[in-house]
Number of protein chains: 2
Amino acid sequence: MKKQASNIVKAGLVQQALVDNDKQSNWQHSALKIEALVEQGAELVLLQELHSTLYFCQQENAENFDLAETIPGPATDFFAALAKRLNIVLVTSLFEKRAAGLYHNTAVVFDRDLGMVGKYRKMHIPDDPGFYEKFYFTPGDLGFTPIKTSVGMLGVLVCWDQWYPEAARLMAMAGADILLYPTAIGWDKADDQAEQKRQRDAWQLIQRSHAVANSLPVMVANRCGFESSPLDPEDGIVFWGLSFIAGPQGEILAEATKDEETSLLAELDLKRSEQVKRMWPYFRDRRIDAYADLIKRWRS
Amino acid sequence: MKKQASNIVKAGLVQQALVDNDKQSNWQHSALKIEALVEQGAELVLLQELHSTLYFCQQENAENFDLAETIPGPATDFFAALAKRLNIVLVTSLFEKRAAGLYHNTAVVFDRDLGMVGKYRKMHIPDDPGFYEKFYFTPGDLGFTPIKTSVGMLGVLVCWDQWYPEAARLMAMAGADILLYPTAIGWDKADDQAEQKRQRDAWQLIQRSHAVANSLPVMVANRCGFESSPLDPEDGIVFWGLSFIAGPQGEILAEATKDEETSLLAELDLKRSEQVKRMWPYFRDRRIDAYADLIKRWRS
């Protein structure tokens, strides 16, 4: 069943709206969408961040730790079996219970009949009103390490990581062939339309910029739909969808709508990354003699 | 004549087409455009890369070292006097002769009646067909240090630096209020239109991404017009213009056309950078404990 890495990877992603915390039902729903992509030829599929449940970080509530699960556990069992049955590489996201009182926001990768081949624990953890992630997730301790799969080395990062060029760069320097971002980002309903547009555009362009800076394709799967706040049903987050797949010059290859469940599929030519790097060889010229302060908090 | 830094900076830039190496005439032409911006209120003006002459790096020709000049020298005398007369902060670019056989691609900043207040020597030097810069320019040795002026701390970088998130980050971490890129980039006439669009889009988005990643406004002044190659008059570079000014979320505030001399003016509200940083505080969460490999050449 194992397949040699080829130059062309048929890559898909699933953008979903969640309505409840029924994991079994949500997994089945994802599985149907994944199967549909596989019927179109997908051999790599990316799911959005924390796709098993509603985005529970809208409040700090200790009961939500019940939503976490171990690795291995029911979620990894389900998706390992699915990846094996469909003979694909599958990138999933889950709320990992590592120990009582110790949780992570973790992406898990399955490779055909090999089962789980690696995981990435979200390194940069956000915390702002409606996104209280620092309450739930301990920052990752696995570093920025791509995961080797039969379709190539996957530089899997998660949501808030997307704002950090450092993270993408370190994945690229460790040999990543593709950068992948499961995310869950949306608007505060109080923001006006101009502010919403600036946020959405900034979000898309920072991730396309990682493609450009590293001459690598980028896949971003975002959540869509409205999820009301448990603190105030009138309030909540409008997840802005707009999942996309970009090539190694940041060019958009496929893009979802902002409010509908959408599956995307694109052919990623991994050989083109090297062609782009030959033309604009950024890695040749990095001034590593002058970058020491990047590991400082601030230069003062 | 000195003015205290205020929150609003009226910032302008000049995009020019060059037709010869007559420096006096080219400086006068720039001066007229700068004066027009000042009449509209500009207190900060950015010129494009190597604005005194044609882009001489289309070939490796030792005679072109005659185009270089010392700092101080005729160019810095001219622009220091202009900045003083117009009472502005002026960011210029020149081919610096530091010693016989030692040259840099250098941006020089003048501040009202203070004269030259700082310079930046291009740190990342490109070299590809038609852009033979490694022949001419020794990589900079002044590091990524913003220049203090009466309108704020200027993070001046030059052209090829624009592809490196590291450079922008280091300027931001050293307190830059605005990132500024004098550039000279264009197409090889042999590239097809789709490739031209990908290159131009990548160039704009990587620079807008530095605004996003660092919550700082960005100014980019690019050359426009066709300059034929001294090696083959049929060949040459179509400089693609499209100079722009972006706010701290990467939003475009002003943008030039691709082929006409254009001057841009925008109001930069430096206070808004802090508002953006309060909302999306990327610097709070950098994983400096996990960034050590950024100063490696490659992670293997």
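Here we summarise the structure given alongside this text. Keep in mind that this is a model prediction, so the values were computed, not measured.

Cut-offs applied
- Residues numbered from 1 in each chain as written.
- Chains lettered and ligands numbered in written order.
- Predicted model: local features only at pLDDT ≥ 70, side-chain atom pairs only at ≥ 80, totals over all residues.
- Heavy atoms only, no water.
- Least-squares fit on C-alpha atoms with pLDDT ≥ 70 in both.
- Contact = heavy atoms within 4.5 Å.
- Buried < 20%, exposed > 50% of the residue type's maximum accessible area, 1.4 Å probe, protein only.
- Helix = DSSP H or I, 4+ residues; strand = E, 2+ residues; numbered from the N terminus.
- Core = buried A, V, L, I, M, F, W, Y, C linked by side-chain atoms within 4.5 Å.
- Buried area = accessible area lost by both parts, 1.4 Å probe.
- Salt bridge = Lys/Arg side-chain N within 4 Å of Asp/Glu carboxyl O.
- Polar contact = N/O pair within 3.5 Å; in protein donor to acceptor, adjacent residues only side chain to side chain.
- Nonpolar A, V, L, I, M, F, W, Y, C, P; charged D, E, K, R; others polar.
- Pairing = 2+ DSSP bridges.
- Axes fitted to C-alpha atoms, helices over the stretch in contact; angles between N-to-C directions.

### Examining the relation of the copies chain A and chain B
Taken as rigid bodies, chain A and chain B are interconverted by a rotation of 180° and an axial shift of 0.0 Å, the fit giving an RMSD of 0.0 Å. Here the copies are linked by what is in effect a two-fold axis. Interface overlap between copies: 100% of the residues of chain A at the interface are likewise at the interface in chain B, consistent with a symmetric, same-surface contact.

### Remarks on helix α4 (residues 165-173) of chain B
The buried count for α4 of chain B comes to nine of nine residues, which makes it a mostly enclosed element. Taken residue by residue, α4 of chain B has Pro 165, Glu 166, Ala 167, Ala 168, Arg 169, Leu 170, Met 171, Ala 172 and Met 173 of chain B as its buried positions. Close packing links the buried residues of α4 of chain B with α4 (165-173) and α5 (193-214) of chain A together with β5 (116-121), β7 (152-156), β8 (178-183) and α5 (193-214) of chain B. One or two positions beyond α4 of chain B, positive phi appears at Gly 175 of chain B, with a value near 100°.

### Points about the nonpolar core
Among the nonpolar cores identified, the biggest contains 126 residues, and Leu 44 and Trp 163 of chain A together with Leu 44 and Trp 163 of chain B are the most heavily contacted of them. Every residue in contact with Trp 163 of chain B, bar those within four places of it in the chain, is listed here: Arg 169, Val 212, Ala 213, Trp 280 and Tyr 282 of chain A together with Ile 185, Ala 202, Trp 203 and Ile 206 of chain B.

### Digging into the interface of chain A and chain B
Listed as interface residues are 57 residues of chain A and, on the opposing side, 57 residues of chain B. For the pair chain A and chain B, the summed buried area comes to about 5800 Å², and 62% of that belongs to carbon and sulfur atoms. It is Trp 280, Arg 297 and Arg 299 of chain A in chain A that bury the most area against chain B; as a group they hold 12% of the surface buried on that side. Counting the contacts that link chain A with chain B gives six salt bridges. As a salt-bridge pair, Arg 286 of chain B and Glu 166 of chain A come within 2.9 Å of each other at their nearest N and O atoms. For the pair chain A and chain B, the number of links is 35 residue pairs in polar contact (both at pLDDT 80 or more). Broken down by element, the side of chain A that touches chain B gets its largest block of residues, ten residues, from α5 of chain A. Across the side of chain A that touches chain B, the residue classes tally to 32 nonpolar, seven polar and 18 charged.

### Concerning the sheet that holds strand β3 (residues 89-99) of chain B
All names here are of chain B. Pairing in this open sheet of six strands is mixed, and the strands run β5-β4-β3-β2-β1-β15 from one edge to the other. With partners counted over all chains shown, the strands left at the sheet margins are β5 and β15 (262-269), one partner each. Along the sheet, successive strands turn relative to each other by an average axial angle of 30°, direction set aside. Taken strand by strand, helix α1 (residues 23-39) contacts β1 (8-15), β2 (44-46), β3 and β15, and its axis lies near 150° from that of β1. The sheet contacts of helix α6 (residues 270-279) involve β1 and β15, and relative to β15 the element is tilted by about 60°.

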